[in-house]
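Listed below are the residues making up each chain.
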Amino acid sequence: FSSEGNQVIICGRNEASLQQAKVEVPTLITHTCDVADATSSRTMVQWLKTHHPALNVLINNAGIQARRDFTTDPAMESLDQEVAINFTAPIHLIADLLPVLKQQAQAYVINVSSGLAFSPMADVPVYCATKAAIHSFTLSLRHQLKTTGIRVIEIAPPIVDTGLGGG
């Protein structure tokens, strides 16, 4: 997006990762934010409204994936964070940024789900369920916003080489 002349703003929890991204793409604007933390998310939304009122694209790409075996150890201590980052945080961001997006002649909400929303893997059941939920939510949101200037798009990539699943 940057190479096409677009102003790109990225957020993330890890300041070092944000700075590394900025080294790779110097035109990036970065903002530290934990989208699953309500205060952090609201602070970012206010910052965006104040400093970037022409915002016209929201890409919900944050995600975490935990292996869970409900026959031995379901790793419940990380359940709420996984659901928040993968499902509820994008919904909050969309709701909070819709007033800004509606002010633009044309705007986009892009939700990144996963191929695992359609063909789940048994060892990451909550991840698969949250991505299926994002898929369903995206379909409903697209219908609700069809008479606005906001297009709602889902990207469901296949397996991608990231740190998401531990390498």
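Reading the values: the criteria
Here, residues in each chain are numbered from 1, in the same order as that chain's written sequence. The model is predicted, so local features are restricted to residues of pLDDT at least 70 and side-chain atom pairs to those at 80 or more, both for listing and for counting; the totals for chains, interfaces and linings are taken over all residues. Excluded from the side-chain calculation are hydrogens and water; included are all heavy atoms of the structure. Here a salt bridge means any side-chain nitrogen of Lys or Arg lying within 4 Å of a carboxyl oxygen belonging to Asp or Glu. Numbering goes from the N terminus for both helices and strands, where a helix is a DSSP run of H or I of at least four residues and a strand is a run of E of at least two. Throughout, exposure labels follow a simple rule: accessible area from a 1.4 Å probe, protein chains only, divided by the maximum for the residue type, with under 20% read as buried, over 50% as exposed, and the rest as partly exposed. Within this scheme a cavity is a closed region of a 1 Å grid, computed over the protein atoms alone, that accommodates a 1.4 Å probe without allowing it to escape, whereas a pocket is open but has protein on both sides within 12 Å along at least five of seven lines; lining residues each have an atom within 4 Å of a point. Grid points are joined across faces, edges and corners, and a volume is the space filled by probe spheres set on the points. Charged means Asp, Glu, Lys or Arg here, nonpolar means Ala, Val, Leu, Ile, Met, Phe, Trp, Tyr, Cys or Pro, and polar covers whatever is left, Gly included. To obtain an axis, a line is fitted to C-alpha atoms, over the contacting stretch when the element is a helix, and the angle between two such axes runs from 0 to 180 degrees between their N-to-C directions. Angle categories: roughly parallel below 35 degrees, roughly antiparallel above 145, roughly perpendicular from 65 to 115, and oblique for all the rest. Here is the rule for handedness: rotate from the far helix to the near one, and if that takes an anticlockwise turn smaller than a right angle the crossing is left-handed, while a clockwise turn gives right-handed. Contacts between residues were defined by any pair of non-hydrogen atoms, one from each residue, lying within 4.5 Å.

A. Seen up close, the pattern of salt bridges. Scanning the entire structure with this criterion turns up two salt bridges. Here Arg67 and Asp123 are joined by a salt bridge, their closest N and O atoms 2.2 Å apart. One end of the pair, Arg67, is in the loop between β3 (57–60) and α3 (79–102); the other, Asp123, is in the loop between β4 (107–112) and α4 (125–144), and 56 residues separate them in sequence. For Asp123, a relative accessible area of 30% puts it in the partly exposed group.

B. Fine view of empty space enclosed by the protein. For the structure shown, the criterion picks out one cavity of 30 Å³ or more. Considered as a void within the structure, the largest cavity measures approximately 30 Å³ in volume. Along its surface, the largest cavity is lined by Asn60, Ala62, Asn86, Pro90, Asn111, Val112, Lys131 and Ile134. At the level of secondary structure, the elements contributing two or more residues to the lining of the largest cavity comprise α3, β4 and α4. Looking at the lining of the largest cavity residue by residue, the classes come out as four nonpolar, three polar and one charged.

C. Summary view of the packing of α3 against α4. The contact between α3 and α4 brings their axes to 9 Å, and the two run at 15 degrees. What the angle tells us is that α3 and α4 run roughly parallel. The two elements α3 and α4 meet at a crossing, and its hand is right-handed. In this structure, α3 uses Leu79, Glu82, Val83, Asn86, Phe87, Pro90, Ile91 and Ile94 to contact α4, whose residues at the interface are Val126, Tyr127, Thr130, Ala133, Ile134, Phe137 and Leu141. Its residues assigned to classes, the contact of α3 with α4 shows twelve nonpolar, two polar and one charged.

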